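Chain and residue survey
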Amino acid sequence: MSLNWRDFQGVNAGYVLELYDKYRRDPRSVDQATRDLFAMLPPPPTAGPAAPAEPASAVSPPVATTTPDQERLALTAVGASNLAMCIRRYGHLAASIDPLGTVSDGDPALELETHAVTEADLRALPSSIVSGPVAEGAASMWEVIERLRGIYCSTTGYDFAHIFVVEERRWLREAIETGRFRAPQDPIDPIHLLDRLTEVEAFEKFLHRTFPGKTRFSIEGLDMLVPILDEVIAEAAEEGIRRAFIGMAHRGRLNVMAHVLGKPYEQILAEFKEPARHSREMQGMQWSGDVKYHLGASRAVRGGEEVDLVVSMPPNPSHLEAIDPVLEGMARAAGTDASRPGPPMYDPDAVVPILIHGDASFPGQGVVAETLNLHRLEAYSTGGTIHVIANNQLGFTTDPVDFHSTTYASGFARGFKIPIVHVNADDPEACVSAARLAFAYRETFKRDIIIDLIGYRRFGHNEGDEPSFTQPRMYQSISNQPTVRQKWAATLEERGLIEPGAADAKLQARLDALQSIFETLDPEEHLVEAKPVIAAPGTAAKAKTAVALDRLKALNDGLLTLPDGFVVHRKLERGRQKRREAFEDAAAPTIDWAAAEELALASILADGTPIRFTGEDVERGTFGHRHAVYYDAETGRRHSPLEALPQARAAFEIRNSPLSELATVGFEFGYSIQEATRLVIWEAQYGDFVNGAQVMLDEFVLSARAKWGQEPSLVMLLPHGYEGQGPDHASARPERFLQLAADINMRVANCTTAAQYFHMLRRQAALLEIDPLPLVILSPKSLLRHPFVASAPRDLAEGRWQQVIDDPDVARPDDVRRLVFCSGKIAVDLMTSEARKDAREVAVCRVEQLYPLPVRDMLRVIEGYGKVEQIVWVQEEPENMGAWEFVRPSLEGLAGNRRTAVLARPRSSSPAEGSAAAHHQNQERLIHQAFDLKLKGANVAVRP
Ligand SMILES: Cc1ncc(C[n+]2csc(CCOP(=O)(O)OP(=O)(O)O)c2C)c(N)n1
């Protein structure tokens, strides 16, 4: 026969090599069967001469002289070794992980025949063929294989063969095979667990009985989710972790709120009763509130060393999995110390994020993959998230075969090299052990791990649904399924730990307690709503944003300072030289957009406000204008002037994001609500792509205030402007923001000068604590370097943000017949156009802030032109896009009896022309018409 080292695979090969080495040094250090085996092998690939060391007579002769019995022994050894390896890798395929009793398909790799071994062979083989604790004390390979099956094909399926990092794999194997996270080695308090399951079940039973058919998205069938969370949080508190964040959707949320977040039963029951009185209006702001199973909660838990751990669950919308990146952003912010200059410091030991997913939504919602992709990125990592898939083997009415192409719902996470533990939700000990293993892995490697908690859903998708319409057989089996509490109680009775009937008595006591709470409930008193603080009117206008010239100059010098020996790329030197000279004449327009931005950020840091700035390619800037990070042209060394700014009193980070809009905007939103005193900026590559984040805008950034009382202040820079690049790369879709503008839920700016941008950024920083709102800036592309846009240093040193800028070039206001209102780039096109030169009867007024629309300032402008006859809104977007439809009612109101009109591209489903030539033609026509007084009357759209 030709036995070879190649026959040993995987981890066993390494182990057998080690054993062989031991045997070479001293053949008597291994048992006879192992000696016989090694005698048949040629020298291993990395070992020295095969000839065994002393005493030569103790080992069998080389291959050529093996007997048939020895050959058979060698083959069975290889077969046994490979079988062991296959059980470790594929054992989960034969595990009993479905509480409803589906028998796993298994896999041929787990069968003895596949490896050409019999029970007798295995009994004859020494256990030493296999490494690790399972082999210790085992009489033979048969016993080892039995032990391995007991571990890997149990009610837990360990799915981690895709982990390529050897230390992680070894750690997992050792942790699993020693059973150090399992009872009895790691004991579980059985009575406490029963009490917990009793609370969980009683809560649902009570709601079911008291509010029949009312939606609650019961946890039943996945009750062990609560003890799993208990375990993770208790371990985290013990480790001195200060914050835990839980993100989850509807399923079981009320139960988790009641039992893990400690939300009082009174409050939850008050929400079910829905008192008639709801305070819907506060200082002119509509307060919508949200349904009970979307709300959040927070509570403090006492840790091992008297350290408080605060566990929080943020509110979230129906959009499944949308909370995932938001939660990661919150965790990142909470664990980041941004109080010192330089890059901020993230401490993964300060925070633990926990995400609970649905089995249909986990593979289906792309945001999950985007979020998992963040987990090892330096600017986004949270030091490992513990994921739990609340797997009830069903979507709404959809079966798993129709919602995932992978073997398990968790399948795609294998690509991210995340270990997955599939566990039967009806085995409480296995579930607790999975939680302990997950936490320990997270703590050791600071990486994500998934617990795939496999249970079932006792009722329909909601409690009004009839699930047997669509899953009749599954629901037949569920109706006969005892609850996990009942099963655990039976186990405890069998073990003699409780008296028969004791468990039922506990359940009844909880139901009685809930009943008495319910009877004494005053829904109006117990209903607590989180509402935003509304700033006093005029707060924003008072913000001081100017920075004295000498301070600006010093900041400019600080930004230009390079580390010793740093070589800047030759082509960047010219720009730096211009920046050096920028303050020579305070009245000269030397400050372009990028300079204004850098000076604004520098001054904000000098004021002590930390900044986080992310987005695709933001370090250099999509348009090559920013250079917030320099790379030494010779060594590639990184230098960020704002990170190294001598005057800074807080941390700065600017980081290129992955190519994502949805998860990255969600992450920054989460960061912003968690640490409201930091300026958080996200920039889109082009404004168009923000529609990839529409869920985050609709559900979080723009409505979180009205629904949940949150106060985000995320800044979004969205490059916008019609420049002939085609239907994409033109529009940041301002119409979509403006359609969602209500209740003072954001500020939208479309400014036309570098100084305005400077003041706008500084104002945002100044308002973080007193009047926070998201800020949407339609930012420039070609205007970045346009002379009209450049400002003088004096413009930064004086003045403030102007919501409206009246035409500075009108000599005689009474000559003006047409007043053009416009915003952003079209304003620059109009003001710098040839057509304007002879159009003394037309004034061009820039509306720099689109929301809240500065109607008072606009009225003042109108009143300044006593003889004005027409008020025309000019925009480059098609008539059904841009700001027109938002501005129109206000403008018509302001105009009184004067005519109003719009000049825009014709209504269109696509934002812009595909050809540059068509763009130029339309743009010229638009500008020409804006100054052509013959065009009077109704709306005029430019038709090519
Ligand atoms: C993005 C999104 N699409 C559709 C829905 C509607 N919906 C609510 S629950 C649900 C089924 C979710 O199944 P799963 O993720 O397995 O969670 P389960 O409800 O079974 O716990 C669907 C489709 C939604 N809430 N969000």
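The notes below deal with the structure included here.

As for the site of the ligand
- Around the ligand, the structure places 15 residues, and the nearest of them are H250, R251, D359, A360 and S361.
- At 2.8 Å, a side-chain N or O of H250 approaches an oxygen atom of the ligand.
- Here S318 contributes a backbone N or O atom positioned 2.9 Å from a nitrogen atom of the ligand.
- Here the shell around the ligand is built from residues that sort into four nonpolar, nine polar and two charged.

Examining the sheet that holds strand β13 (residues 611–615)
- Sheet architecture is open: seven strands sit in the order β16-β13-β17-β18-β20-β19-β24, paired in mixed fashion. In this open sheet, the two strands that pair with only one neighbour each are β16 (652–656) and β24 (849–851). Along the sheet, successive strands turn relative to each other by an average axial angle of 20 degrees, direction set aside.
- Bridge count for strand β19 (residues 747–749) against strand β20 (residues 775–779) is three bridges, and the pairing is parallel.

Quick look at the pairing of strand β22 (residues 818–822)
- Within β22, five of the five residues are buried, leaving the element largely enclosed by the surrounding structure.
- Because side chains alternate across β22, one face comprises the buried residues R818, V820 and C822, and the other comprises L819 and F821, equally buried.
- Relative to strand β23 (residues 842–847), β22 is paired through five bridges, and the arrangement is parallel. Its bridge partner being in β23, V820 is matched across the sheet by V844.
- One crossover worth recording links β22 to the parallel β23 by way of helix α29 (residues 825–831), and it is right-handed.
- Two strands pair when backbone bridges link them, and β22 and strand β25 (residues 870–878) are joined in this way by four bridges, in the parallel orientation. Bridge pairing links L819 to I871 in β25.

Comments concerning helix α22 (residues 593–606)
- Here α22 is 14 residues long and its end C-alpha atoms lie 20 Å apart, about the 20 Å a rise of 1.5 Å per residue gives.
- When you tally the buried positions in α22, you get 14 out of 14 residues, the bulk of the element.
- Count one or two residues on from α22 and you reach G608, which has phi positive near 100 degrees.

So, how was this worked out
Residues numbered from 1 in each chain as written. Predicted model: local features only at pLDDT ≥ 70, side-chain atom pairs only at ≥ 80, totals over all residues. Heavy atoms only, no water. Near = heavy atom within 4 Å. Polar contact = N/O pair within 3.5 Å; in protein donor to acceptor, adjacent residues only side chain to side chain. Nonpolar A, V, L, I, M, F, W, Y, C, P; charged D, E, K, R; others polar. Pairing = 2+ DSSP bridges. Helix = DSSP H or I, 4+ residues; strand = E, 2+ residues; numbered from the N terminus. Axes fitted to C-alpha atoms, helices over the stretch in contact; angles between N-to-C directions. Buried < 20%, exposed > 50% of the residue type's maximum accessible area, 1.4 Å probe, protein only. Right-handed = clockwise from strand over helix to strand, strands pointing away. Expected span 1.5 Å × (residues − 1).

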